[in-house]
Structure formats: structure tokens, C-alpha cells
Amino acid sequence: MFTQILWTQLKWTRIPLAVLAVVTFAAPALAWRLGAAGYQGAASEPMAIMVGFSAIGTVLMVTACLAGFVLVAHVWNLDAAAKHVYALSLPLPWSRFVAMRFGAGALSLLIPTLALWLGSLFALMMVQVPPTLHTYAGTLALRFLLGALLAYALSFLLQYVAGRRASAVLLVLLLSGVVVTFVLSVLGYTRLLDTIGHAIVEWPGPLAVFARDWKLVDV
Amino acid sequence: MTDAIRIRDLAWRAGPDFAIRALSMTVPTGSIYGFLGPNGSGKTTTIRLMLGMLPPADGTIEVLSHAIPRFAHRALARIGFVPERLHLYQSLTVDEAIRFHRAFYPTFDDAEAERLRGRFGLREDQVIGRLSKGEAGKLMMLLALSQRAELLVLDEPTDGLDPVVRREVLAALVEYVESQRATVFISSHLVHEQERICDWVGVMDGGRLIAELPMQEFRSGIKRLRVAQAPTVHDAAPFALLSREAVTLHDENWVVRGWQPAMQEWFQRAGSEVRAVQDLDLEDSFVELLRGARGTVEERR
């Protein structure tokens, strides 16, 4: 069963997955090319290398979020096109079907992750990393996978719980966040806001994976 | 013999305009049960409740001895389902849809699927989204029949199909029932089609099951009587009066259910006379049954 669900997942999302794989594979080399272009140092200088790869973190964070969202939305729409009648008529509990759909999507995130790891190794071959610096191709790929999985899980939860109202629910959540932040700021509860913010983005907060710099090269 | 489907006091509501009310139904194992009713009468909703796709507000449902919706997945493993509209993933090809479907049913018969694919003239590489309505109907039937299911639940399986395709689909169905001794629950508003294949009939209208009886009884039990000097009161009548209308000053046409020739005595005692007894065909019987039921509802209001 899972093999077939995974197969349909890969078939339906093959184009977004291919685009994501190309982006994540090319991102490290492009970051280096564009980032180091304005820097006057050599490709072996620690500062040149650090600056050259500095843009990759933001690109990968955005890509990870997009990956999670796109994979969920695409598959949901195909299931929803027939009002989920086929999925509901299959001889397995709905929760198990949804779990398999989630698993298949999560597994497919390995493709852009693998592409990122290979792309990072390829980009690092373009520079001579001095002994004072360390490379983190594997760690960056893992961080990307965790970020994408988190975005995927949140999108999945929202879509499969709220269904067709997912966009409206998301909008309400975002607006509520803005209103609460505004009200607390006006009332002078800035310390409370800081505490909430830290609890969300600092380890072990739910968005901690996005908090730190995503670096391919560091001291 | 146990019942394939057993529903008691089922209730479900969708807003103020539509509800399934106190629905009780029994589908005997091995029968071909025709589920008749006009569009919007609640047939598809009843089927969805029966398969666990909707949660009932009240009542009990048992399908193949499994309580629904709690154990719907166990029942669904033994049910072949053809819905009203194409429900398959439209981007898959015919071959991919068969492979996907097969993975969920241990009893799936590959050889049968291949035989039916050839018989229905479906190509392996045809994309489902580009199939004609007839081809899509045949593919859904192919999947349901290849499961080797004990119970087939078919929701308007031939609606909108041309006569040739309809005949092909029904022939495959009848063949399957004969070879597998399966129970079939087939919903339709095409009365004559049901007449040809069904041995039980349930009639649905306005969210209520207004009749459930063997096809033979349905076919022969509803008559139109020409009554002279018709009595005004019919409460104690030994038959069910579905409708009555004046034809002349003294004569009325009565449509009755459960008519027996001996019942003429009841009219004689009331000072009336039955001048003619006319057999109704199935479609007329169906229409009169609906009129009778709607009249009863109006009277209650």
C-alpha cells in the first residue's frame, strides 16, 4: 500500500521535486559565485569563503518552507478534486491513509536534501578551504531536511485538519498573531513578547531549526 | 441467512433542507437490491453513510456484520464500490489505477482485471482524466469487479452512459453475480433497468424509505382500480391506498398496494363496485408510490 502511495506522491510532485532538487543542488555553487563576486580576495582566503557562502542560509530557509508547503498543497488538491471519496472508500482507517500520505511526502523531501548535500560537496570543490575553517555539507543538508519537514508537517496539519478552509484558517492565525503582538506592544508587555518569541524560535522551541544561521562553511 | 446490510433508525441531517429520517433497511445476502428514488431523494447520502464516509447522527448500520462507521475499513475490504461520479485519481493511467487499487485488496484478481480491460476496450496507457464518461464508468466497474468483492455497492453506475455501454456494464455485472454469488446494492432512478436485474426494491423519497419489498411483489402488488360510487373513508381498507382521483361524477381511479382479488368484498360492503383492475408497469408503480408517499406527508402536515 505504502509503495503505491509513495509512487503516486512522486508522480504527482515530480515537477516541484525536480525544481527543488535543481535549486538546492545549484544553490551552494551559485551562492559562492554571486557572493564572492564583489570580494577582492582569493578563493583560498577564509574571509572570501565565508562571505561567498553567506547568502546560502536565507535561500535554503525559504526553499525549505516552500518545499513543505508545495508538496502538501499539490497532493491535497488532487485528493480533494474527488472530495476524498476514493481515499475514504479504500479499506483502511482514514487516519492510516493520512499517515501514509504524510510519510510519502516526508520521504520525498529526501530528494532535494540529497541534491543539496551533493551540490554542497560540488561547491566546496571550487574553493580551497583553509585549516582554520570547517565545512558542514552534511549538517546543512540535515538542517534543510528538518526545516522542510517542519514546514511540511505544519502545512499538512493545517490542510488535513482545516481542509478547504486552510487558507482562511492560516490568514486568521497570522492576523491573530499580528493583533496580539500589536496589543501587547501598545500595553508595554515587551518582555512578555520577547519571552514568547524566544520560546518559539530558541531550542527546544518549535521553530528552533530556523533560528540559527544555516552555514556551509564556518570557523 | 444473515443480512448483507442492516440499517436501523438511521438519521442524518445536512442543514435545514435535507435530512435522512428514521431509515431502516435490510438487504438480504445474495440479493440484487435496487435502491430507487428520484434525484435528491437521499440515495447517495445513504450509500455514503453505509460505507462510513459520513457519520450518522443516530441509528445503527451493519454491513457484512461489521458495525459502521467504526469498522468501515473491515467492511470496505469486502465491498466493491462504484460511486456516482468518477472518484479515481485523474492523472493516473488505466494501468496505474489498476496497480494502485490492487495494492489495497488482497483478493484482487489480476487475470479478471486484464480480461475486463480487454472486454471493455480500455487501453493501459489511457489517462483517466481524458477518458469518456462511458470509459470511466467501465474502469470503475472493472476495479470493483476485479476485487472479487462479496458485496457490490453501485451508485447510479450506468447514469449518463449510452445504451451500448450500459448494456456492456450490466452484462458484466450479471455475469459476476452469477459466478460469485455476490450481493449487489444498486442505486438508480432508471426504473426499467432495475426491473431487469433486481430481486428486491427499496424506494427512497425525501430522505425516507417509503417502501421495501421483493421485486415480484412490487411488480404485481400495485394496481389501478376503477371504482364506482367510491367510499369517502378508506381507513379500514385491507390494502394501502396510494392515490385516488375522480374520473367522472361517480367513478374514481384508485392506486392501491397489496391488492388481492378477494378484497373486492370490502368495496361491496361499502356500497361500491370495482369495475376494472389494471396492472401498472414498474415505472407507473414507482411514480404512484412516490405520489402516495408525498400525499401522506402532506396530509400529516
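Here the residue index of a chain counts from 1 through its sequence in written order. Each chain takes a letter, starting from A, and each ligand takes a number, starting from 1, following the order in which they are written. Owing to the predicted nature of the model, reporting of local features is limited to residues with pLDDT of at least 70; listing and counting of side-chain atom pairs is limited to 80 or more, with chain, interface and lining totals taken over all residues. For the side-chain quantities, the full set of heavy atoms in the structure was used; hydrogens and water were omitted.

**Student:** What's the story with the overall build of chain A in this structure? I'm lost.
**Tutor:** The way it works is that DSSP assigns letters per residue, a run of H or I at least four long becomes a helix, a run of E at least two long becomes a strand, and they are numbered from the N terminus. In terms of helices and strands, chain A carries 10 helices and 2 strands. In chain A, the succession of helices and strands from N to C terminus is α-α-α-α-α-α-α-β-α-α-α-β. On the principal axes, the C-alpha backbone points of chain A span a range of 65 × 55 × 25 Å. Per-residue burial for chain A yields a buried fraction of 42% across its 219 residues. The rule is simple: take the accessible area with a 1.4 Å probe, protein chains only, and divide by the maximum for that residue type; under 20% is buried, over 50% is exposed, in between is partly exposed.

**Student:** It is not clear to me how helix 1 (residues 43–50) of chain B should be interpreted in this structure. Could you clarify?
**Tutor:** Side chains three or four residues apart in an α-helix point the same way, a direct result of the helix having 3.6 residues per turn. Residues and elements named next belong to chain B. For helix 1, a buried count of 7 out of 8 residues is recorded, marking the element as mostly surrounded by other parts of the structure. Those residues of helix 1 that sit buried are K43, T44, T45, T46, I47, L49 and M50. A positive backbone phi angle near 80° is found at G52, which sits one or two residues after helix 1.

**Student:** Where do I start with the confidence of the model for chain A in this structure?
**Tutor:** The predicted coordinates should not be examined in detail at positions where pLDDT is low. Summing up the model confidence of chain A, the mean pLDDT is 87 and the portion of residues at 70 or higher is 96%. Scored between 0 and 100, pLDDT is the confidence that the predictor attaches to each residue. The secondary structure element of chain A with the lowest average pLDDT is helix 3 (residues 46–52) of chain A, at 76, and the one with the highest is helix 7 (residues 110–124) of chain A, at 94.

**Student:** Looking at this structure, how should I read the packing of helix 6 (residues 94–108) of chain A against helix 8 (residues 137–162) of chain A?
**Tutor:** Two numbers describe a pair of packed helices, the interaxial angle and the distance between the axes. All names here are of chain A. In contact at an axis separation of 11 Å, helix 6 and helix 8 are set at 150° when each is read in the N-to-C sense. As summarised for this structure, helix 6 and helix 8 are arranged roughly antiparallel, according to the angle between their axes. As for the relative orientation of helix 6 and helix 8, their crossing is right-handed in sense. Across from W94, V98, R101, F102, G105 and A106 in helix 6, the residues of helix 8 making contact are L149, Y152, A153, F156 and Y160. With axes taken as lines fitted to C-alpha atoms, and helix axes fitted only over the stretch in contact, angles between N-to-C directions fall between 0 and 180 degrees. In this scheme, roughly parallel covers angles under 35 degrees and roughly antiparallel covers those over 145, while 65 to 115 is roughly perpendicular and the rest are oblique. By definition, any crossing whose near helix is turned counterclockwise from its far helix by less than a right angle is left-handed, and any crossing with a clockwise turn is right-handed. Contact criterion: two residues are considered in contact whenever any of their non-hydrogen atoms come within 4.5 Å of each other.

**Student:** Just checking my understanding: could you explain the side chain of B:S188 for this structure?
**Tutor:** Residue and element names in this part refer to chain B. Position of S188 among the secondary structure elements: in strand 8 (residues 183–188). Overall, S188 belongs to the buried group, its relative accessible area being 1%. Apart from the residues lying within four places of it in its own chain, the contact partners of S188 are F35, L36, G37, K43, E156, E193 and Q194.

**Student:** I would appreciate a short explanation of empty space enclosed by the protein in the present structure.
**Tutor:** A water-sized probe rolled over the atoms picks out the places where empty space is left. Cavity and pocket criteria rest on a 1 Å grid covering protein atoms alone: a 1.4 Å probe that fits but cannot get out defines a cavity, protein on both sides within 12 Å along at least 5 of 7 lines defines an open pocket, and an atom within 4 Å of a point defines a lining residue. Grid points are joined across faces, edges and corners, and a volume is the space filled by probe spheres set on the points. The final tally for this structure, using the stated rule, is 2 cavities of 30 Å³ or more. As a volume, the largest cavity reaches approximately 90 Å³. Going through the elements one at a time, helix 5 (85–89) of chain A together with strand 6 (79–82) and helix 5 (133–146) of chain B are the ones with two or more residues in the lining of the largest cavity. Ranked by residue count, the leading element in the lining of the largest cavity is helix 5 of chain B, at 3 residues. Side-chain classes follow a simple rule in which Ala, Val, Leu, Ile, Met, Phe, Trp, Tyr, Cys and Pro form the nonpolar group, Asp, Glu, Lys and Arg form the charged group, and the remainder, Gly included, forms the polar group. A breakdown of the residues in the lining of the largest cavity according to their chemical character gives 9 nonpolar, 4 polar and no charged.

**Student:** Can you help me understand the sheet that holds strand 11 (residues 222–228) of chain B in this one?
**Tutor:** Within a sheet, adjacent strands bond to each other through the backbone by hydrogen bonds, running parallel or antiparallel. Residues and elements named next belong to chain B. Within the open sheet, the 4 strands sit side by side as 12-13-11-14. Their pairing is antiparallel. Only two strands of the sheet have a single partner each, and these edge strands are strand 12 (240–246) and strand 14 (273–279). On average, each strand axis in the sheet is inclined to that of its neighbour by 25°, with strand direction left out of account. Whether two strands pair depends on DSSP finding at least two bridges between them. Alignment of strand 12 against strand 13 (residues 251–257), held across 6 bridges, turns out to be antiparallel. Within strand 13, the position partnered with S243 by the bridge is V255.

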